[in-house]
Structures are given as C-alpha cells and as structure tokens.
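# Coordinates in review
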Amino acid sequence: MPNPLKPSERMKIPRQHSIEQNPEERNRNFNEVSFGLNEELALLEAKRCLDCKNPVCIDGCPVRIDIPAFINLIIEKDYSGAADKIREANYLPAICGRVCPQEDQCEIVCILGKKHDPVAIGKLERFVADYEMANKLFKSPVVTNQIDKKVAIVGSGPAGLTCAAELVKLGYKVTIFEALHATGGVLRYGIPEFRLPKEILDIEVNRVRELGAEIITNFVVGRTATLDELIDEMGYEAVFLGTGAGTPNFMEISGEHFSGVLSANEFLTRVNFMKAYAFPETDTPIKIGKQIAVIGGGNTAMDAVRTAKRLGAEKAYLIYRRSRKEMPARIEEVQHAEEEGIEFLMLTNPLRIVGDEFNWVKAIECQKMELGEPDDSGRRKPIPIKGSEYIIEVQNVIEAIGQKPNPIIQATTPGLGVSKRGTVVVDNKTMVTSRPNVFAGGDLIHGGATVILAMHDGKAAAASIHEYLQKGG
Amino acid sequence: MYKIIKKQKLSDTITKLVIESPLVAKKRKAGNFVMIRVVEGGERIPITIADSDIEKGTVTIIVQAIGKTTKMLCSLNEGDFVLDFVGPLGEPTPIHNYGTVVCIGGGVGTAEVYPIAKALRDAGNEVIGIIGARSKDLIILEKEMGEVCNKLYITTDDGSYARKGFVSDQLLELINKGTKIDGVYAIGPIPMMQVCANVTKPFGIKTYVSLNPIMVDGTGMCGGCRVTVGGKMKFACVDGPEFDAHQVDFDELIMRNRTYIDLEKTSLEKYEEHICNLYEKSLSGKGVK
Ligand SMILES: Cc1cc2nc3c(=O)[nH]c(=O)nc-3n(C[C@H](O)[C@H](O)[C@H](O)COP(=O)(O)OP(=O)(O)OC[C@H]3O[C@@H](n4cnc5c(N)ncnc54)[C@H](O)[C@@H]3O)c2cc1C
Ligand SMILES: Cc1cc2nc3c(=O)[nH]c(=O)nc-3n(C[C@H](O)[C@H](O)[C@H](O)COP(=O)(O)OP(=O)(O)OC[C@H]3O[C@@H](n4cnc5c(N)ncnc54)[C@H](O)[C@@H]3O)c2cc1C
Ligand code: SF4
Ligand code: SF4
Ligand code: FES
C-alpha cells in the first residue's frame, strides 16, 4: 500500500487544478494554455485515489490503462515506472493527457466522483508523461520478437499510430502511409498549438518510429497506389485504414462562396499545419477580420474561434443552434473559450451570408431559436422563432458543422463495404471490414469522434490483425 | 525530397522541370496533378503533370512563374530538390474515342492540355489543337502539340506569330466552317475558358475545362477549392479538376481566386527583396561594385 493516507483523509483533499496562462495574455499568443500539474500538486492529487478493489475507472478508459497502478507509482515517486505502466496500454500519454475527453471517460465513472470530485486522471497522465520528457527518462523498449510479415497502415492519426505501435511490439514489419507532408492527422493539422504543442506531438510520433514503424509521407493511398496494389504488388498481408473524417460539411446557405468563408478545417490547416500565423515569414496566407463568426458547438468550433481570437479578431462570436448544455465540446475548452473573451451566441441559427462589392463577407444573418422536443439524438430540437432575424457584421465566417470521411479510398477499392454516410463498415469487435485482410478504425468508421476512441480501434484492430496473420492470413 | 533531374526554360516565365518520383510516374494519367511544397515553411501548390517516363521514374511539370512559390520553383536547378511532391491527384480525364476533339491551350494551359491531347490521340480520336498566348515568345510546346495533333492552329493576341487573335476566334471559325466536333477541352486562364464555353454552348458541343481554384491539401480535406458546378458545390481537387464547362460558375471562381491577392503580393515583394539582397551580397563578395 503505497498511499500513507486513510480513505477518509484522502477524501478530504480537494481536486487539484492545473496552473494556467492568464486569459488576457494567452488570447494573444499560441503558447500552451495549461501548464498541467507540478510535482507537488500531482503528488497531492495522486493521494486522493482510493485504490479501489474494483477500479471502474479502467472500464471507463477505452484503451484500459491500469489507472490505480500508475497512480500508485506516482505516489512512490516512480514517475518513469508510471509512464511505462501507462504505455503498456497507451503509447501516446502526453497527447491523451491533454486532449482526451477524460471527464466523459475514466473520470465520469471514478468512485470518488460519486460524492466528491473525481480523481484528475487525465492531468496525472499528462504530469507523468511531461515529467518523463523533461527529465529525458524515456527509453525505447527493444522489440525482440520478429515476425516476417508486412502490415500497411493508412493514415498517421491516433488510430494509425496506435495500431502501428501495437503491431511493431508484436514483431511485424509495419509501414504507415500518410497523404500529407507531416504525421499526426488531426493532432497536427486540427488541434492548435495552444492545446497540444507540436513539439509534444513530434516526440510521441518519433517514439512510434523509434519502436520500429516506418513512416512514408506524401503517399495518398488510392492515388499514389491503390489499396489492392499495396496487397498484390507491394507485399502487405494486411492493411489497417485509419484515414479519419477530414472532409468538411458546409451549411449550404446562400453566400458561402464569398471570400472570407472557410471551413474550420481549411482555417485550422492554414494556421496550424501551414503555419499561416507566421505569414509572411511562411508562405501560406490567412486573412482574419476584426469581427468573425464561427458556427458550431464542438471541439473544432472551439479551436477555430480561439485561434481566430489569437490572430487578432476583436469580436469573435461562436454561433450555435442549441443551448450551451447541448454543446458537444469538452467543458474545459468551453470554459477556456469564455475566459478568453469569446462571445457565445446560443440558440442562434445562420440563415445567409452577405457579401460586399469585392465579394468579401460583410455580415451574417441569423435567427433566434427555441428548444422543442428531444429528437433522435435525444437532444432537444431547436425551432426557429419567427421574426427574430437579425444581422451581425463580420468579415469571416468559419464553419465547424461536422466532417465526413475523405472518399478517396472508398472510391478506389472494390468490395469495401461503405455506409450511406461514407463511413467504412466494420465488425465492431474485430474491426475487420467486408474484406478479410482489411481492417479499419477511428473517425473513418465513426464519422467525427475522439482521439481515444481512434486509439481503442487501432489497438483492437492490431489484435485482430495478429490473430488473422497467425492463422496464416 | 524529390530531385530535379532536368530543367529547361521554355520562355521568359515558363520553365519545364523533370522531377524524380517513380511512384507518381507509374500511376499518373492525363488530367492528374501533383501538390508541391518547395521548402520548409512554403506553400503547397497544385501543378499539372505534363508528362512522365515510367522507366526513368520521372515526372515532367511545366510551371509559369507568377508568384513567390512558382518563382522559387522555377529558380531551382538540376540536382536541387523540392521538399514535398505528392500525387497523382484529381480525377483523371475520361479518355474514349469520341471522334473529333478540339484541344485548346492558352498560355501555360497548353502544358495542361498536352497530356490530354496525347491520350485522346492514342485512344484513336482525331485531335485538332489550338494553342495561343499573348505573343510569340510565350507560345510553348508547339512541337510536342504538333506531334500529337492531326492539325494544329496557333494564335497570338498581338499577332507577333501565326494568326492574330484569341484561341476562341479560331474555335469559332472551325465551327462556322462546319468542322464536325464531338468534344472540346479548353485549358488556360479563366476568362479564356469562359469564352470558349460561351462559343460552344449555342452549338451544344460538349466542352470540358480544368479549373484552378486555390488549393491547400489537394486531397478533399479543406474545401478551399470549392467551385459551383451546375448549382452544386464541388471540391475541384477530388471531384475535378475537370468539369463540364457549360455548368461552371466562372465569375465566382474569378472572385474567389482573388481572396489573398494583397497578401500574395506582400509575399512576392518580400521574396524579391531577399533575392536582390543576395545578389548584391554576392556582388560585394566578389569585390565588384
Ligand atoms: C479541430 C479539432 C479538434 C479536436 N479536438 C479533440 C479533443 O480535444 N479531444 C478528442 O478526443 N478529440 C478531438 N477531436 C477529434 C479527434 O481529433 C479525432 O477523432 C481523431 O483525430 C481521429 O483519429 P483518426 O486516426 O481516426 O484520424 P485523423 O486524426 O483524421 O488522421 C487521419 C490521417 O489519415 C490521413 N489520410 C487520409 N486519407 C488518406 C489516404 N488516402 N492515404 C494516406 N493517408 C490518408 C490524413 O491525412 C490524416 O493524417 C478534434 C477534431 C478536430 C478536427
Ligand atoms: C489543378 C491545378 C493545376 C495547375 N497546373 C498548373 C501548371 O501545370 N502550371 C502552372 O504554372 N500553374 C498551374 N496551376 C496554377 C498554380 O497552382 C498557381 O499558379 C500557383 O499556385 C501560384 O502560386 P504562387 O505562390 O507562385 O503565386 P501566388 O502569388 O500565391 O498566386 C498567384 C495567383 O495564383 C492563384 N493561386 C494562389 N495560390 C494558389 C494555390 N495554393 N492553388 C492554386 N492556385 C493558387 C491565385 O489565383 C493567385 O491570385 C494549377 C492550378 C491548379 C488548381
Ligand atoms: S487515456 Fe483518456 S480515458 Fe484513458 S485514462 Fe487517460 S484520460 Fe482517461
Ligand atoms: S475509480 Fe477513482 S478512486 Fe477508484 S481507483 Fe479509479 S481513480 Fe482511483
Ligand atoms: S484543396 Fe482542400 S479540399 Fe481541395
């Protein structure tokens, strides 16, 4: 029993909070908002864990990290051991500790949360990973097992990276094919620096490489080579598809062709991936007006609006059809956005975009909504209020209203089962598609979901691929 | 990193580059393009594949230097590298035997229509070529087009070479003379494509154009390249870049392509200033004033 405190004493400790950059300062820079817990706070937080006999928190984690075990190692100050413990289940702890929606996963079921606040599991995970990085304690495990079979992974997002790491650990020869010029998927082109620094991403991706996975960028499967060519000509015996859901939806209202109207994907790709924030030192431009509106209520919308604020927008509106309660974004991010001065226009629906004589956006017309009966998704359906139309002056409209899978592979792979929504259909246990040697996971099968779900799928697929290839393929 | 094997200046502003990329060389079809990033921090830009050599594993592109990225690309030499080169992207041109097809190239657009003309000729079509430019020195690929076309017409805006006038004038003349035309491919500056579309529309001649909106990823992930075709939103990089010319909203495309015009200018000025400084430094380095 590493924890010196009695359960009643543990429960008296309040949940510890991260140290954060002050909002008035941070909404003008791209540095990370949260510094995480320091050693002292982490030790205190770790001691709150009741080390339950039946640790339900593990069931809440899609990749089943042994949560009480790593927390006990923190209490023993064996941070390196704690990091290794996490990595047994999750090869990207510094990323997950930052962006995993822990409040809906491991923490929502934590026993301590019944009467008190749950243990800050995600923040402890981040602390351990950061401590290990800062003190250069990481040693790449040596893979001794060798299986002479090649597996191709398509997409270097969290699904692909996780599947690759698991298969390399089992001894397979693994190649990741990535369409863009850099790795990470949404972790790089979508999630901004102020939530997930690229340096952290680079370190964790490099560890997957160091473990033994080969990564080839600038390779679009379906174009540079088809999925069948990977199998028939390049000798891959199984393929995992983790190509995500990158194609943005548009509202299809009038005025979307005006300059200044962008999908959140384009906006974030220009800024995060192409580094438009540094223009003209870098070459990809972005133009953000004094007043801007972002449409949507998810993580993507929150990232877009906070990014626009940082690029100098004086008024940054977030327009959402339902009420704040229904917003799918992480609570922490909604709070952060509010602290940074984002103006929330809830129960508001855009009707049309108005342009000026140069074909630039000058305003957006909106309508007020009220909530009616719950719809299929269980959320109360917004209904327009007649006569409530009004105009807001803005120079940019950024749409973050959802994404669907990029269609290239589906269109170029005969016999691959695809749903009406464009998602690839899989068996939800084995992640196998309609083709026995092709597996899939992440946003490609769910539409937009989460990092940790993508990682769960990558892991589950790796186990199935192993089973399939051991049976002789 | 992708190596430049061969470089040839076709005109003052137009340069042909042969780049090593065996996978792209093997897979590419007429109508495909690549996305190129020249250096770290650089933009990703789309360039059509003009030709390829599967044996040598090379891809040929023909680039007109108009802004920072294309100028940087054209300033590279044999043995230099571009950082990123990905493709082949876009839907390839549907190649069938249509009968008689007119392939029109305006300016650097000739480089984009050339592979299509070649593929159509190989598929058994009678190919009539029309290539045009502002003046004589801007006419490119005359020899190559001459080899793949059954007949080739040339126009220059200023009359400095061949017929004075626009490619569309030549097209209209062919139609008026009663030439049987089963399809038209017109690629070049947007106004040129628009005029060609207007010429063929009253005659009901199927006409295709290759659109050149601003692109970021080139794989369908940003929607920056969206164009309106037949009243519907299309992503040029995955649904195109070729579309039915009679359905395209050209005016919208012209306006959208102006989105970053002032910033592009800043970027170019900064680059040219930098080049000037380098030049002056190299002069003073040699002790020349
Ligand atoms: C702005 C934003 C913020 C988000 N914030 C959060 C958050 O805070 N917490 C959270 O849990 N989730 C968040 N999400 C969702 C989360 O990022 C995704 O669910 C997750 O990244 C999905 O992982 P993936 O591996 O399935 O796909 P992706 O991360 O999308 O990666 C797919 C990769 O495949 C590549 N690819 C696509 N097609 C091809 C092809 N044909 N050939 C080769 N490569 C290809 C792509 O270029 C990409 O790199 C956010 C999403 C966005 C857009
Ligand atoms: C499918 C396709 C195929 C093309 N093929 C060729 C080709 O074979 N040869 C050739 O010389 N040019 C081609 N282009 C045009 C070429 O991509 C642009 O000239 C180039 O991007 C300009 O970049 P820049 O930095 O030099 O100029 P900038 O100063 O950035 O821009 C000058 C003008 O080019 C356009 N442009 C700017 N950025 C982009 C971008 N990222 N994507 C597309 N257009 C942009 C804009 O209209 C702008 O006003 C093609 C474009 C497309 C979409
Ligand atoms: S990965 Fe996510 S769900 Fe799992 S323990 Fe960490 S924060 Fe919780
Ligand atoms: S449920 Fe909560 S208190 Fe119990 S072991 Fe898990 S983290 Fe600790
Ligand atoms: S360039 Fe991004 S979707 Fe076409």
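Computed from a prediction, not measured in an experiment: that's the story for all the values here.

## Description of the domain arrangement of chain A
All names here are of chain A. When its domains are assigned, chain A resolves into domain 1 (7-134), domain 2 (150-246 + 404-470) and domain 3 (250-401). A C-alpha centroid distance of 28 Å is found between domain 1 and domain 2. On the domain 2 side, the residues contacting the 24 residues of domain 1 number 25 residues. Of the roughly 2200 Å² buried at the junction of domain 1 and domain 2 (both faces included), carbon and sulfur atoms supply 72%. For the pair domain 1 and domain 2, the number of links is one salt bridge. In this structure, the salt-bridge partner of Arg207 is Glu132, at a minimum N-O distance of 3.6 Å. The interface formed by domain 1 and domain 2 contains six residue pairs in polar contact (both at pLDDT 80 or more). Secondary-structure elements contributing two or more residues to the side of domain 1 that touches domain 2 are α6 (79-89), α7 (93-99) and α10 (121-134). With six residues, the top contributor of residues to the side of domain 1 that touches domain 2 is α7. Across the side of domain 1 that touches domain 2, the residue classes tally to 15 nonpolar, three polar and six charged.

## As for the interface of chain A and chain B
Counting from both sides, the interface comprises 45 residues of chain A and, opposite them, 42 residues of chain B. The junction of chain A with chain B conceals about 3800 Å² of combined surface from both sides, 55% of it contributed by carbon and sulfur atoms. Three residues, Asn218(A), Arg223(A) and Asp283(A), lead the burial of chain A against chain B; their summed loss comes to 19% of the area buried on that side. In this structure, Lys27(B) engages Glu229(A) in a salt bridge whose closest nitrogen and oxygen atoms are separated by 3.1 Å. Taken together, the links from chain A to chain B amount to 20 residue pairs in polar contact (both at pLDDT 80 or more). Broken down by secondary-structure element, the contributors of at least two residues to the side of chain A that touches chain B are β7 (247-248), β8 (261-263) and α15 (264-273) of chain A. Per-element accounting of the side of chain A that touches chain B gives the leading share, five residues, to α15(A).

## Describing the packing of aromatic side chains
This structure, assessed with the given rule, holds 11 aromatic pairs over all chains. For the ring pair Phe250(A) and Phe235(B), a centre distance of 6.2 Å and an interplane angle of 90° mean the geometry is edge-to-face. Separated into two different chains, Phe250(A) in the loop between β7 and β8 and Phe235(B) in strand β16 (residues 232-235) make up a pair that spans both. Comparing Phe250(A) with Phe235(B) shows no difference in burial state: the two are buried. Ring geometry for Tyr185(B) against Tyr208(B): centres 5.2 Å apart, planes inclined by 25°, an arrangement best described as stacked. Within this pair, whereas Tyr185(B) is found in strand β13 (residues 183-187), its partner Tyr208(B) is found in strand β14 (residues 207-210), the two being separated by 23 residues in sequence. The rings of Phe30(A), Phe194(A) and Tyr277(A) are connected pair by pair, giving a single aromatic cluster. It is Arg207(A) that lies over the ring of Phe138(A); its NZ or CZ is 3.9 Å from the centre. The ring of Tyr153(B) carries Lys151(B) above its face, with NZ or CZ at 4.8 Å from the centroid.

## Remarks on the domain arrangement of chain B
All names here are of chain B. Domain boundaries in chain B define domain 1 (2-89) and domain 2 (100-256). Placing a centre on the C-alpha atoms of domain 1 and another on those of domain 2 gives a separation of 21 Å. Contact with domain 1, which involves 19 residues of that partner, is made by 20 residues of domain 2. Regarding the contact of domain 1 and domain 2, the summed buried area is about 1500 Å², with carbon and sulfur atoms giving 65% of it. In terms of surface lost to domain 2, no three residues of domain 1 exceed Phe33, Thr48 and Ile62, which account for 24% of the buried area on that side. Here domain 1 and domain 2 share one salt bridge between them. In this structure, Asp51 and Lys118 form a salt bridge, with 3.4 Å as the shortest nitrogen-oxygen distance. Taken together, the links from domain 1 to domain 2 amount to four residue pairs in polar contact (both at pLDDT 80 or more). In terms of residue class, the side of domain 1 that touches domain 2 is built from 11 nonpolar, five polar and three charged.

## Things to note about the sheet that holds strand β1 (residues 2-9) of chain B
Either a parallel or an antiparallel arrangement is found when strands of a sheet pair, and the pairing is made through backbone hydrogen bonds. All names here are of chain B. Strand order in the open sheet made by the five strands is β5-β6-β2-β1-β7, with antiparallel pairing throughout. On the outer flanks of this sheet lie β5 (51-53) and β7 (81-82), each paired with one strand and no other. Bridge count between β5 and strand β6 (residues 58-64): three bridges; the pairing is antiparallel. Considered in β6, the bridge of Ser52 is made with Val59.

## A look at the packing of helix α5 (residues 67-75) of chain A against α10(A)
Residues and elements named next belong to chain A. At a closest axis distance of 11 Å, the pairing of α5 and α10 adopts a crossing angle of 55°. As summarised for this structure, α5 and α10 are arranged oblique, according to the angle between their axes. Relative to α10, the crossing made by α5 is left-handed. Contacts from Ile67, Phe70, Ile71 and Ile74 in α5 reach Ile121, Leu124, Glu125 and Val128 in α10. Partitioning the contact of α5 with α10 into residue classes produces seven nonpolar, no polar and one charged.

Rules and cut-offs
- Residues numbered from 1 in each chain as written.
- Chains lettered and ligands numbered in written order.
- Predicted model: local features only at pLDDT ≥ 70, side-chain atom pairs only at ≥ 80, totals over all residues.
- Heavy atoms only, no water.
- Domains from an automatic or database assignment.
- Contact = heavy atoms within 4.5 Å.
- Buried area = accessible area lost by both parts, 1.4 Å probe.
- Salt bridge = Lys/Arg side-chain N within 4 Å of Asp/Glu carboxyl O.
- Polar contact = N/O pair within 3.5 Å; in protein donor to acceptor, adjacent residues only side chain to side chain.
- Helix = DSSP H or I, 4+ residues; strand = E, 2+ residues; numbered from the N terminus.
- Nonpolar A, V, L, I, M, F, W, Y, C, P; charged D, E, K, R; others polar.
- Phe/Tyr/Trp six-rings, centres within 6.5 Å; stacked < 30°, edge-to-face > 60°.
- Buried < 20%, exposed > 50% of the residue type's maximum accessible area, 1.4 Å probe, protein only.
- Lys NZ or Arg CZ within 6 Å of the ring centre and 35° of its normal.
- Pairing = 2+ DSSP bridges.
- Axes fitted to C-alpha atoms, helices over the stretch in contact; angles between N-to-C directions.
- Parallel < 35°, antiparallel > 145°, perpendicular 65-115°, else oblique.
- Left-handed = near helix turned anticlockwise from the far one by under 90°.

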